[in-house]
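Commentary on secondary and tertiary structure
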Amino acid sequence: MAGVDRRTPIRDLLTNANAGADVTVTGWVKTSRFSKNVSFVHVFDGSTPKTVQIVLNAELAEQFKAELGIGAAVRIHGAWVQSPGGEQSLEVSATDVTIVGQTHPSDYPLQKKRTSLENLRTMAHLRPRTNTMQSVFRVRNALANNIHRFFQDRGFMWVHTPILSTADAEGAGEMFRVLHGDDPEFFGGPAYLTVSGQLNVETFGQAFTDVYTFGPTFRAEKSNTPRHACEFWMIEPEIYFANLDDVIALATDFVKTVTKATIEQCPDDFAFFNKFIEKGLLDSLNAAISADFARVTHDEAQDILVATGKKWEFKVGRGESLQAEHERYLAEEHFKGPVFVTDYPMEQKAFYMRLNDDQRTVAATDLLVPRIGEMIGGSQREERLDVLDDLFRRHNVPGEDYEWYRDLRRFGSAPHGGFGLGFERMLMWITGMKNIRDVIPYPRTPGQAGY
RNA sequence: GCCUGUUUAGCUCAGUUGGUUAGAGCAACGGACUGUUAAUCCGUGUGUCGCCGGUUCGAAUCCAGCAACGGGCGCCA
């Protein structure tokens, strides 16, 4: 039973249309129905949203009835046969049943019926067994894989930027302090968990041309929203000999290619999301990735908002900042799809973004998408040392803390840019899930890191 | 950080102007029945009404405090 042939994944089994084979299935009971002559047990193993139907004769049913309730771990040996039932063409006619791990339905915290996502968060150890979480995490895996494949196919190098950092002012948010119990000076000073790999990856971009990061990142902000977590994964490509147009072209290619590949790989999971999580999800995703992404400047976006004549909670107009309500209006109602907003006022963006010729705006862009808001934030970086120093001053950032970053502008500087994409936000966009906590295996939010 | 809501059975929730033994659906349990598909039918209520005080003859219900968990906004991805 050990080794490579220890089981047939249910996903593979269900694609085998040839009846007659001897098969072994391992997994957990999803539901079971017993009667005098014939009984049915549905088993899942995580390889597919579908279950395989196991048929038991009266003798086996009598023997195992008490132990085949929801949640039990089982190994079933039997024949792969035609099914008279209406909802599957083949099924396993069991000859041997082994109860590998017992459970009792009356104690089991999950039930055959619907359970709220909120309640599931209180049992992080069991929620992966539910239909929704099964689909979410299969798609999370496929999305991650497709992201790597997108970059690898285009010759990008994956750079493992550090998790620990002593830089405390990267302009991307509050940081978690890392303390060594006995030695506060372990790193020669305060150390923190990274809020972004972008500055670090630039070093490698200036040596390998096209690079990206893909890893965890940490924000110590007490954000209490369905879109924020203290620990999340981020993708940050950085390309050299490139300008903002190249960054936008890359981001467009990225979103379209990766989304399309993931939908194609997980048809059953997307059918589930489309039916139970977000009605019309597939239509809206397919429409988004087959149309051109809109593109407007920050000034134009503000003009659009002013022209609506709507009463906004926050002020609109050139020079004002785009709030969530504005971003949502632009993506959902005005452009009805993803839209790049470019050329933000300098003071609204990070110090490293490239100053435009108007001396007022920077070559930055955010990609706004329906339901999510900001999914990507990117820019061309300031490659001119004198201008960078000026930006340090204007942003009140101590340039002396970034000598190594300034060095990059001294030794073979080249125009470059990139973007940061919140992995979970993209996952929410393609699955229709409404809360970031429900697309992370173990969500970390303020007050919540138990397990 | 600001604003706001929820907390009653295993789950999802109802519970009137404060009133006697606290309810429904589903789950679970017992039984019947069926090539069934979250099967169906019959039967059974399993509860510190989040916690702690207060008001009252009487509190799930009113008041104060606390806690947990959500939602909106900000910060951002």
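Residues numbered from 1 in each chain as written. Chains lettered and ligands numbered in written order. Predicted model: local features only at pLDDT ≥ 70, side-chain atom pairs only at ≥ 80, totals over all residues. Heavy atoms only, no water.

Looking now at the protein's contact with RNA strand B. Lining the immediate surroundings of RNA strand B are 51 residues, of which Ser35, Glu91, His228, Arg425 and Gln448 lie closest. Here, RNA strand B places atoms within 4 Å of the protein, and 55% of those atoms are sugar or phosphate. Between RNA strand B and Glu118 there is a distance of 3.1 Å, counted from a sugar or linking oxygen to a side-chain nitrogen or oxygen. Separating a base nitrogen of RNA strand B from a side-chain N or O atom of His228 is a distance of 2.6 Å. Elements represented by at least two residues in the surface near RNA strand B include exactly strand S1 (22–33), strand S2 (38–44), strand S3 (52–57), helix H3 (117–120), strand S11 (231–240), helix H10 (324–334) and strand S15 (373–380). The greatest single-element share of the surface near RNA strand B, amounting to 3 residues, is contributed by S15. Of the residues belonging to the surface near RNA strand B, the class tally is 14 nonpolar, 20 polar and 17 charged. (Near = heavy atom within 4 Å. Polar contact = N/O pair within 3.5 Å; in protein donor to acceptor, adjacent residues only side chain to side chain. Helix = DSSP H or I, 4+ residues; strand = E, 2+ residues; numbered from the N terminus. Nonpolar A, V, L, I, M, F, W, Y, C, P; charged D, E, K, R; others polar.)

Once that is clear, we can look at the sheet that holds S11. A sheet is described by the order of its strands in space; here 8 strands give the open sequence S6-S10-S11-S16-S15-S14-S13-S12, paired in mixed fashion. For this open sheet the edge positions go to strand S6 (157–158) and strand S12 (294–297), each flanked by a neighbour on one side alone. Contacting S6, strand S10 (210–218) and S11, helix H4 (residues 131–153) runs over the sheet at an angle of about 150 degrees to S10. Contacting S12 and strand S13 (339–345), helix H9 (residues 298–308) crosses the sheet at an angle of about 95 degrees to S12. (Pairing = 2+ DSSP bridges. Contact = heavy atoms within 4.5 Å. Axes fitted to C-alpha atoms, helices over the stretch in contact; angles between N-to-C directions.)

A few words now on the domain arrangement of chain A. Taken domain by domain, chain A consists of domain 1 (10–101) and domain 2 (121–438). Here the C-alpha centre of domain 2 lies 45 Å away from the C-alpha centre of domain 1. The interface of domain 1 with domain 2 comprises 10 residues on the first partner and 8 residues on the second. A buried area of about 700 Å², summed over both sides, lies between domain 1 and domain 2, and 41% of it is on carbon and sulfur atoms. Together, Lys30, Phe44 and Pro49 form the three largest contributors to the area buried by domain 1 at its contact with domain 2, with a combined 54%. (Domains from an automatic or database assignment. Buried area = accessible area lost by both parts, 1.4 Å probe.)

Right, let's get into the side chain of Thr252. Positionally, Thr252 belongs in helix H6 (residues 244–265). You can call Thr252 buried: its relative accessible area is 17%. For Thr252, the side chain forms a polar contact with the main-chain oxygen of Ile248, separated by 2.7 Å. For Thr252, the contacting residues outside a window of four places in its chain are Phe293 and Phe340. (Buried < 20%, exposed > 50% of the residue type's maximum accessible area, 1.4 Å probe, protein only.)

Among the nonpolar cores identified, the biggest contains 53 residues, and Ile147, Phe254, Phe270 and Trp429 are the most heavily contacted of them. Excluding anything up to four places from it in sequence, Trp429 contacts Val255, Thr259, Leu281, Leu285, Ala288, Ile289, Pro338, Val369, Pro370, Arg371, Ile372 and Met375. Formed by 31 residues, the second largest nonpolar core is a distinct cluster that contains Ala301, Met346, Ala364 and Leu408. (Core = buried A, V, L, I, M, F, W, Y, C linked by side-chain atoms within 4.5 Å.)

This paragraph deals with the confidence of the model for chain A. Looking at chain A, the pLDDT average stands at 91 and 98% of residues meet or exceed 70. Reported for the predicted complex are a pTM of 0.93 and an ipTM of 0.87. (pLDDT = per-residue confidence, 0-100.)

Before going further, it helps to examine the sheet that holds strand S8 (residues 177–178). One open sheet accounts for 3 strands, arranged S7-S9-S8; its pairing is antiparallel. The open sheet terminates on both sides in strands that have one partner only, identified here as strand S7 (164–165) and S8. Judged from the 2 bridges that link them, S7 and strand S9 (residues 191–193) form a sheet pairing that is antiparallel. Paired with Leu164 across the bridge in S9 is Leu193.

What follows covers the packing of H9 against H10. The contact between H9 and H10 brings their axes to 11 Å, and the two run at 80 degrees. The orientation of H9 relative to H10 falls into the category roughly perpendicular. Seen from H9, the contacting residues are Ala301, Ile304, Leu305 and Thr308; seen from H10, they are His326, Tyr329, Leu330 and His334. By residue class, the composition of the contact of H9 with H10 is 5 nonpolar, 3 polar and no charged. (Parallel < 35°, antiparallel > 145°, perpendicular 65-115°, else oblique.)

Quick look at the pairing of S10 now. Counted residue by residue, S10 has 7 buried out of 9 residues, so it is predominantly covered. In the sheet, S6 pairs with S10 via 2 bridges, with the strands oriented parallel. Looking across to S10, one finds that Trp158 is bridged to Tyr212. When S10 meets S11, the two strands line up antiparallel, connected through 9 bridges. When the bridges of S11 are listed, Phe214 appears paired with Ile235.

Under the defined criterion, the tally for this structure stands at 25 salt bridges. Of the charged contacts in the structure, one is a salt bridge between Asp299 and Arg318, with a shortest N-O distance of 3.7 Å. Here Arg318 lies in the loop between H9 and H10 and Asp299 lies in helix H9, a separation of 19 residues in the sequence. Note on Asp299: relative accessible area 11%, which makes it buried. Within the structure, one salt-bridge network assembled from shared partners comprises Asp389, Glu403, Arg406, Asp407 and Arg410. (Salt bridge = Lys/Arg side-chain N within 4 Å of Asp/Glu carboxyl O.)

Turning to the environment of Gly418, a few remarks are in order. As for its placement among the helices and strands, Gly418 is situated in strand S16 (residues 416–422). Note on Gly418: relative accessible area 1%, which makes it buried. Residues Gly418 and Leu244, spaced 174 residues apart in sequence, show a C-alpha to C-alpha distance of 8.2 Å. In this structure, Gly418 is in contact with Pro237, Glu238, Val247, Gly378, Ser379 and Arg381, ignoring residues within four places of it in sequence.

In this approach a probe as big as a water molecule rolls over the atoms, and the regions it shows empty are the leftover space. By volume, the second largest pocket amounts to about 990 Å³. What lines the second largest pocket is a set of 36 residues, among which Leu14, Thr48, Pro49, Lys50 and Thr51 lie closest to the centre. At the level of elements, helix H1 (10–14), S1, S2, S3, H4 and helix H7 (267–277) are the ones that each hand at least two residues to the lining of the second largest pocket. Of the residues that make up the lining of the second largest pocket, three or more belong to each of domain 1 (10–101) and domain 2 (121–438). (1 Å grid on protein atoms, 1.4 Å probe; cavity = no way out; pocket = protein on both sides within 12 Å on 5 of 7 lines; lining within 4 Å. Points joined across faces, edges and corners; volume = space filled by probe spheres on them.)

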